[in-house]
Amino acid sequence: MTVLQFAENLTDRAAAHQVRYGMDLKYALGLELDDPGFNASVLSEFRTRLVEHGMEEKALDLLLTALKDRGLVKAGGKQRTDSTRVLAAVRDLNRLELAGETLRATLEALACAAPTWLT
């Protein structure tokens, strides 16, 4: 979550909110759609523990190894975050979240306007 938080430039509170209500982050984190998320303080506590135990570099190495094993980055190469493939993946996630939010808003409006039809 910390990497996604940095990529989206989110505060701890905003990141926790996105995990609680955003379909895209739940998908990226492998959570169920009804997962309640976590408290915003978890993120700062996690970063504090990493630094206190000198594990920040180890965490980065593990992340890079996992990305390399999945073929998402290559060893020793320069990675560009503005590549077409990355931008397309972000665009797809944004569209998916927009579709989900549109469906949610529509269902909420239907629940108010015609609750018996909705059930």
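Structure: above.
Described in the following lines is the structure provided in the data block. Please read all numbers here as calculations on a predicted model, not as lab measurements.

## As for helix α4 (residues 41-52)
An α-helical turn contains 3.6 residues, so any two residues separated by three or four positions project in the same direction.
Thinking step 1. Taking 1.5 Å of rise per residue, 12 residues should cover 16 Å, and α4 covers 16 Å from first to last C-alpha, within 8% of that figure.
Thinking step 2. Just downstream of α4 lies Gly54, where phi reads positive at about 65°.

## A look at the pattern of salt bridges
Thinking step 1. According to the stated counting rule, one finds three salt bridges in the structure shown.
Thinking step 2. Between Asp12 and Arg47 there is a salt bridge, with the nearest N and O atoms lying 2.8 Å from each other. Of this pair, Asp12 sits in helix α2 (residues 12-21) while Arg47 sits in helix α4, and the two are 35 residues apart along the sequence.
Thinking step 3. Exposure remark for Arg47: the relative accessible area of 30% places this residue in the partly exposed category.
Thinking step 4. Taking the shortest distance from any N to any O, the salt bridge between Arg104 and Glu101 comes out at 2.9 Å. Here Arg104 pairs with Glu101, and both are found in helix α6 (residues 84-113), just three residues apart, close to one helical turn.
Thinking step 5. Judged by relative accessible area, which is 28%, Glu101 ranks as partly exposed.
Thinking step 6. Through salt bridges that share partners, Glu101, Arg104 and Glu108 make up one connected network.

What counts, and where the lines are drawn
Residues numbered from 1 in each chain as written. Predicted model: local features only at pLDDT ≥ 70, side-chain atom pairs only at ≥ 80, totals over all residues. Heavy atoms only, no water. Helix = DSSP H or I, 4+ residues; strand = E, 2+ residues; numbered from the N terminus. Expected span 1.5 Å × (residues − 1). Salt bridge = Lys/Arg side-chain N within 4 Å of Asp/Glu carboxyl O. Buried < 20%, exposed > 50% of the residue type's maximum accessible area, 1.4 Å probe, protein only.

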